[in-house]
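# Architecture and fold: a report
Here is what each chain is made of, one letter per residue.
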Amino acid sequence: MVIEPVDPRRCQAEWTQYNAFVMGGNVYQRRRCENPAAWVVTETEPDERGERGAMSLCDECKQRCIEEMGDRPMEFVEIVGGQVYA
Ligand SMILES: [Zn+2]
């Protein structure tokens, strides 16, 4: 897996979307969130490979991230005017 650089403009969350009318293709498609980024989430503990993941999220995806991954050590930093202030 390649860790992509954080995009401070657009939310980097990707959701699997079910599309019943894809004929002969994969009905589950990955779509990237269209919302502007508002937060950068960073893992506060490195994984098995010693890497810490980071990505930008909108308010909505931040909520979903907390609901689904709330037990993982991570921190959120707000993006203000396209800049990330740690
Ligand atoms: Zn989003």
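Residues numbered from 1 in each chain as written. Predicted model: local features only at pLDDT ≥ 70, side-chain atom pairs only at ≥ 80, totals over all residues.

Quick look at the overall build of the protein now. Counting secondary structure elements, the protein contains one helix and six strands. For the protein, the N- to C-terminal ordering of α and β elements is β-β-β-β-α-β-β. Within the protein, the fraction of its 86 residues that count as buried is 14%. Counting only contacts in the protein whose residues sit at least 6 apart along the sequence, the fraction spanning at least 24 positions is 54%. (Helix = DSSP H or I, 4+ residues; strand = E, 2+ residues; numbered from the N terminus. Buried ≥ 20, exposed ≤ 12 C-beta atoms within 10 Å, placed from the backbone. Contact = placed C-beta atoms within 7 Å.)

Turning next to the environment of Gln12. Among the structural elements, Gln12 can be located in the segment before β1 (14-18). Residue Gln12 is classed as buried on the basis of its 21 C-beta neighbours within 10 Å. In sequence terms Gln12 and Pro36 are 24 residues apart; their C-alpha atoms lie 9.2 Å from each other.

This part takes up the nonpolar core. Nonpolar side chains in soluble globular proteins generally cluster together in the buried interior. Counting nine residues, the largest nonpolar core consists of Cys11, Ala13, Ala37, Val40, Val41, Met55, Leu57, Cys58 and Cys61. Of all the secondary-structure elements, those providing two or more residues to this core are β3 (39-43) and β4 (54-57). (Core = buried A, V, L, I, M, F, W, Y, C linked by C-beta atoms within 7 Å.)

A sheet is described by the order of its strands in space; here four strands give the open sequence β4-β3-β5-β6, paired in antiparallel fashion. Both edges of this open sheet fall to β4 and β6 (83-84), since each of them pairs with a single strand only. Pairing of strand β5 (residues 74-80) with β6 involves two bridges; the strand directions are antiparallel. Of the residues in β6, the one forming a bridge with Ile79 is Val84. (Pairing = 2+ DSSP bridges.)

Both β3 and β5 contribute to a ladder of five bridges, which runs antiparallel. Of the residues in β5, the one forming a bridge with Val40 is Val77. Hairpin connection between β5 and β6: a loop of two residues separates the two successive antiparallel strands, and Gly81 in this loop has a positive phi of roughly 55°.

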